[in-house]
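Residue-level listing of the chains:
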2 protein chains.
Amino acid sequence: MSSGGCPFAGVGISLFAALAGLGTILMNTKRFMRQPLEVRLPAGVDRDEEGKLWFREISEFWKGQCFSIRIEKIVYSGKSQLQEILIFDSEKYGRVLVLDGAIQVTTLDEVAYQEVMAHTPMHLINNGECKRALVIGGGDGGVLRELAKYPEIQEIYICEIDGDVIELSKKYLSTTSIGYSDPRVKVFVEDGFKFLQSMINEGILFDVVVSDLSDPIGPAESIFNGEFLELLAKVVEPKNGVAALQGECYWLHSHLIRQLVDKSKSLFKNVSYATIAIPTYPCGQIGCLVMSSNPVTVPRRNGGVNPGDLRYYSRELHSAQFVLPKLVEKFVYGD
Amino acid sequence: MSSGGCPFAGVGISLFAALAGLGTILMNTKRFMRQPLEVRLPAGVDRDEEGKLWFREISEFWKGQCFSIRIEKIVYSGKSQLQEILIFDSEKYGRVLVLDGAIQVTTLDEVAYQEVMAHTPMHLINNGECKRALVIGGGDGGVLRELAKYPEIQEIYICEIDGDVIELSKKYLSTTSIGYSDPRVKVFVEDGFKFLQSMINEGILFDVVVSDLSDPIGPAESIFNGEFLELLAKVVEPKNGVAALQGECYWLHSHLIRQLVDKSKSLFKNVSYATIAIPTYPCGQIGCLVMSSNPVTVPRRNGGVNPGDLRYYSRELHSAQFVLPKLVEKFVYGD
């Protein structure tokens, strides 16, 4: 019985597979020629009994469990001033970006996360009414790519703390970083706190703000607390603006989610947690916390984006993704 | 910032943790005393650099990726006549049942799967109208436990091919196998094909049939094809009966899902794929394929089960779980 086939598999993967095959040959040759190379394997990478390379996502943030992907070819491995960066090709998930040991993007499944994070808030703005959008984090460019699908947006700001993530994404993750090629995009490489403070000082407001941050460890640690949410709330256009925040996994971090929800509720009238299915994030699940003065669980927008441009998000999914398992609902919103 | 807390964590886990702590001490002592014990580690189990035991779920059925859980204590390891059986305690997921290298049940997240598989079909039968139910597979007893919550059901048949799975679940997975203690349950240890054929011969029909089978490799291989679905359709009460089938993962096996959907559509008027979020199944996602002569995406039932008895399923989730990502929708139902 056939077991193959994933509807998300892109055209880029066969090219990756070809490159990766060559890479494996080269690496195996190197391995037998110069054994000491092994000690230079990037953090999180090891070989199985057959000599095949695997990336293993081990973290205190999801203790006692680990997701691993077989590597076909290591494309880049290095350190920016802020974090370790690893980019590799895999058979199943295409090209993979890892920051400080945590998977950020794979070309197979990134569409799930990027589309929900961008199109959920955009569908809460009436068609033609989103003039200015902001992405905080999201250096890979995927959320930019999704926002750029709306002709009405005049300016798309992005504030990413690590310039190396932007440059490496442009170089190695072209299908994701294509968002940067849109002339409406304005790039700021700086700390999110400082950036929000300067926007507040200049009186610049945004109709949509997407906070696409990694987990609250490493560079994003300080950004993920109450003070950050207070600043964020001040740059969201108060009447109809919408913010969407990377909302963590309900199987792993329900206390953290509750903390984020409680804080957000003190700043916005409507706050809801949407669930995203994505296999390469821990437990295959991550949230998108959506905040606005208007209700968020039903789309307001009609038009403004070509439905053919969407691969994961739909108007029906918009509402369905806010319906949570009973115990999660209770934990996130209950007394 | 606190990172702990899972809303599904049950009371049993602290006991497991205590037992597991003792187990680890014993194992580590053994390790240093009798090194050759290592060669007797069950398939899929190895030690990390710190000497800690991990279960790694490696399979050709999800090639190139692997989910691992740290083991606190191996509870049982052996072989039935049909498959390898491993039961262990883990810090994060509580007690875990593994058949032929594939995770079947963990006490943390099993509720997601069992509730959707049982309550989705039950909510498509009017209150008071489900007289007889059948579970094929599901030897752990979890689906039985959920069906037993409906007083109206007079007989709950279960056909499980591997008697050892039943006995070991009764012994080691008490919170799941509690379903067997209901006096309405009738257990048949035999092949699903033969069982369905004998039900057809005897003219016995079921209002609800839940096919809770493992992946189509190993004992469940032959059962997961068109012929099995044809037999299954013949034991479902034709007017209002409902069948629910383990529907595989859309990230991994979209071709197989399409094959199942196409075959089911030739047998039932309404066929829909519901998605289940469950971290210990590959990619954190599995499907429940629901089939009936009536529409399946909206619940018909009012009452008959105490909503307080449900931890994952709700009437709202019933409908939401049938809304799939756009590309999946296209692949599963499209031309």
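This is a predicted model, so every value here is computed, not measured. (Residues numbered from 1 in each chain as written. Chains lettered and ligands numbered in written order. Predicted model: local features only at pLDDT ≥ 70, side-chain atom pairs only at ≥ 80, totals over all residues. Heavy atoms only, no water.)

### Describing the pattern of salt bridges
All names here are of chain B. The tally for this structure, following the rule as stated, stands at 26 salt bridges over all chains. When the shortest N-O distance is used, the salt bridge between Arg-70 and Glu-91 registers 3.3 Å. Of the two residues, Arg-70 sits in strand E3 (residues 65-79) while Glu-91 sits in the loop between strand E4 (84-90) and strand E5 (94-99), which places them 21 residues apart along the sequence. We note a salt bridge from Lys-149 to Glu-146, for which the minimum N-O separation is 2.8 Å. (Salt bridge = Lys/Arg side-chain N within 4 Å of Asp/Glu carboxyl O. Helix = DSSP H or I, 4+ residues; strand = E, 2+ residues; numbered from the N terminus.)

### Let's talk about the confidence of the model for chain A
For chain A, per-residue confidence averages 89 on the pLDDT scale, and residues scoring 70 or more make up 85% of the total. Taken together, the chains of this predicted complex give a pTM of 0.89 and an interface ipTM of 0.88. (pLDDT = per-residue confidence, 0-100.)

### Quick look at helix H4 (residues 163-172) of chain A
Three- or four-residue spacings in an α-helix give side chains the same orientation, since the helix completes a turn every 3.6 residues. Residues and elements named next belong to chain A. Of all the residues in H4, the buried ones are Val-165, Ile-166, Leu-168, Ser-169 and Tyr-172. Tucked inside the fold, the buried residues of H4 contact strand E3 (65-79), strand E4 (84-90), strand E5 (94-99), strand E8 (155-160), helix H5 (174-177) and strand E9 (185-189). Of the residues that open H4, the one with a side-chain oxygen 3.0 Å from the backbone nitrogen of Asp-164 is Asp-162. (Buried < 20%, exposed > 50% of the residue type's maximum accessible area, 1.4 Å probe, protein only. Contact = heavy atoms within 4.5 Å. Polar contact = N/O pair within 3.5 Å; in protein donor to acceptor, adjacent residues only side chain to side chain.)

### Quick look at the relation of the copies chain B and chain A
Least-squares fitting of chain B to chain A yields an RMSD of 0.0 Å, with the superposition described by an axial translation of 0.0 Å and a rotation of 180 degrees. Taken together, the turn and the small shift mark the pair as related by a two-fold rotation axis. Most of the interface of chain B is mirrored in chain A, where 100% of its interface residues are also at the interface. (Least-squares fit on C-alpha atoms with pLDDT ≥ 70 in both.)

### Describing the side chain of A:Thr280
Residues and elements named next belong to chain A. When you line up the elements, Thr-280 lands in the loop between strand E12 (270-277) and strand E13 (285-292). With relative accessibility at 2%, the residue Thr-280 sits in the buried group. A distance of 2.7 Å separates polar atoms of two side chains, one belonging to Thr-280 and the other to Asp-109. Apart from the residues lying within four places of it in its own chain, the contact partners of Thr-280 are Glu-57, Phe-67, Ile-69, Tyr-93, Ile-103, Thr-106 and Asp-109.

### Side note on the pairing of strand E7 (residues 132-137) of chain A
All names here are of chain A. Summarising burial for E7: 5 of the 6 residues are buried, a large majority. In the sheet, E7 pairs with E8 via 5 bridges, with the strands oriented parallel. Bridged to Ala-133 within E8 is Ile-156. As a crossover connection, the stretch from E7 through helix H3 (residues 142-147) into E8 is right-handed. Note: E7 against strand E10 (residues 208-212), 5 bridges, orientation parallel. When the bridges of E10 are listed, Leu-134 appears paired with Val-209. (Pairing = 2+ DSSP bridges. Right-handed = clockwise from strand over helix to strand, strands pointing away.)

### Thoughts on the packing of aromatic side chains
Within the structure shown, the criterion is met by 22 aromatic pairs over all chains. Judged by centre distance (5.4 Å) and plane angle (10 degrees), the rings of B:Tyr157 and B:Phe188 are stacked. Here the residue B:Tyr157 occupies a position in strand E8 (residues 155-160), and B:Phe188 occupies one in strand E9 (residues 185-189), the gap between them amounting to 31 residues. Given a relative accessible area of 23%, B:Phe188 falls into the partly exposed group. Taken together, the ring pairs connect A:Tyr157, A:Phe188, A:Phe195 and A:Phe206 into an aromatic cluster. (Phe/Tyr/Trp six-rings, centres within 6.5 Å; stacked < 30°, edge-to-face > 60°.)

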